[in-house]
Structures are given as C-alpha cells and as structure tokens.
Amino acid sequence: MQTEKFNMLNEDQKFINQILDRAGLEIAWLANKVHMDYDLVRYQLREAKIYRQDFHEKVKEILKKEGLITSNLEICGLLKDELIDFSTVLSGTISIVSKSIKDKIRDRTLTDDEKKVLKEQLRNQLNRVTDEFNDLLITIDLK
C-alpha cells in the first residue's frame, strides 16, 4: 500500500502512516496513546527529516498492543509488498546509474565536474538502495 501523500517520508515514517491510514486512525489518536503533544507526533510522522528511532519503537509497541501489527501473516504480506518496492528501486537504480555513466563517458573523457556529479548521483542511489534494505530489515523485525 504505497500512497502518494507519503512519498517524501522515510520508510519508517511511511510504515506508521500507512498503518494509521489503513486503520482509519488519526494522529491525534496516536498522540493520545504515546502521551505526547499532537504537534510533536505530527511533525515526527509527516515532516521530520531526522525521524527519531526511539519514537518509532514506542509507536510500534503501541500499534502491536492495539492489534494493528498483528501476525506473521501481516508481516509476510508487508514483506512481500516491500520486496516488490525493493525490486523496483533496485532495477531503477541500475538503469539510472548505467545511463548516467554512459552519458558521462560518451566522449571517452571524464572532467572533474562530471566526476563530481557522477559521484553524487552514485551516493544518492546508494542511499536509496540502503534505505530499501533497511526497510526490509525493519519489517522482518516487526514480529
């Protein structure tokens, strides 16, 4: 279940938002459960660039207690969906990297500026793939 409104979030934030969305629950409900200010919870789930893992663990525990993360079957379903996402990201990354390298070496030279751009693109793609691996690891540990 990938929705566009969660595209700018990291995978942990997406996961929590998707569970809330699927259950029809609001951030206010979660804020009450974690005994935190609504604005802080909303910020962590919808805007934070550095999403706190201690907050994430606390939220996961509450969702487990509430039966929203319920069984191996659900985790396996999530893992299956995330594997599809992982495959898509991985194949897209290979395509982007291949095209970028081919474009940069077309004239059989590589300027310092081209090296810099290429290295930055590779780092960005590496981060995307690493995020996907981490997402799979998190899902496996949700049991």
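About the criteria used
- Residues numbered from 1 in each chain as written.
- Predicted model: local features only at pLDDT ≥ 70, side-chain atom pairs only at ≥ 80, totals over all residues.
- Heavy atoms only, no water.
- Helix = DSSP H or I, 4+ residues; strand = E, 2+ residues; numbered from the N terminus.
- Contact = heavy atoms within 4.5 Å.
- Salt bridge = Lys/Arg side-chain N within 4 Å of Asp/Glu carboxyl O.
- Buried < 20%, exposed > 50% of the residue type's maximum accessible area, 1.4 Å probe, protein only.
- Axes fitted to C-alpha atoms, helices over the stretch in contact; angles between N-to-C directions.
- Nonpolar A, V, L, I, M, F, W, Y, C, P; charged D, E, K, R; others polar.
- Core = buried A, V, L, I, M, F, W, Y, C linked by side-chain atoms within 4.5 Å.
- Expected span 1.5 Å × (residues − 1).
- Arc of directions from axis to C-beta.

### Some words on the side chain of Ser100
Stage number 1. Topologically, Ser100 is positioned in helix 5 (residues 72-104).
Stage number 2. Excluding residues that lie within four positions of it along the chain, Ser100 makes contacts with Leu118 and Gln121.

### Side note on the pattern of salt bridges
Stage number 1. Counted according to the given criterion, the structure contains 8 salt bridges.
Stage number 2. Residue Glu66 pairs with Lys33 through a salt bridge whose shortest N-O separation is 3.0 Å. Taken together, the positions of Glu66 in the loop between helix 4 (53-65) and helix 5 and Lys33 in helix 2 (residues 27-34) put the pair 33 residues apart, joining distant regions of the chain.
Stage number 3. Overall, Lys33 belongs to the partly exposed group, its relative accessible area being 32%.
Stage number 4. Measuring nitrogen to oxygen at the nearest pair gives 2.9 Å for the salt bridge that ties Lys99 to Asp103. Placement of the pair is Lys99 and Asp103 together in helix 5, with a separation of 4 residues, close to one helical turn.
Stage number 5. Look at Asp103 and you get partly exposed, because its relative accessible area is 32%.
Stage number 6. Via salt bridges that share partners, Lys99, Asp103 and Arg106 belong to a single interconnected network.

### A short note on the packing of helix 1 (residues 11-23) against helix 3 (residues 38-46)
Stage number 1. Put simply, helix 1 and helix 3 touch, their axes get as near as 8 Å, and they point 115° apart. Where helix 1 approaches helix 3, its residues Gln13, Ile16, Asn17 and Leu20 are matched on the opposing element by Gln44, Leu45 and Arg46.
Stage number 2. Residue classes in the contact of helix 1 with helix 3 are distributed as 3 nonpolar, 3 polar and 1 charged.

### Points about the nonpolar core
Stage number 1. Membership of the largest hydrophobic core comes to 19 residues, with the highest contact counts inside it found for Ile16, Leu30, Val41, Leu45, Val59 and Leu63.
Stage number 2. The set of elements that each furnish at least two residues to this core consists of helix 1, helix 2, helix 3, helix 4 and helix 5.
Stage number 3. Here Leu45 is in contact with Leu9, Gln13, Ile16, Asn17, Leu20, Ile27, Leu30, Tyr51 and Phe55, once residues within four sequence places are set aside.

### Comments concerning helix 4
Stage number 1. Helix length check: helix 4 (13 residues) gives 18 Å between terminal C-alpha atoms against 18 Å at 1.5 Å per residue, within 8%.
Stage number 2. Residues Phe55, His56, Val59, Lys60, Ile62 and Leu63 constitute the buried set of helix 4. The buried residues of helix 4 occupy one face: seen down the axis, they fall within an arc of 165°.
Stage number 3. Each element contacted by the buried residues of helix 4 is listed here: helix 1, helix 2, helix 3 and helix 6 (112-141).
Stage number 4. Phi for Gly67, located one or two positions after helix 4, is positive at around 80°.

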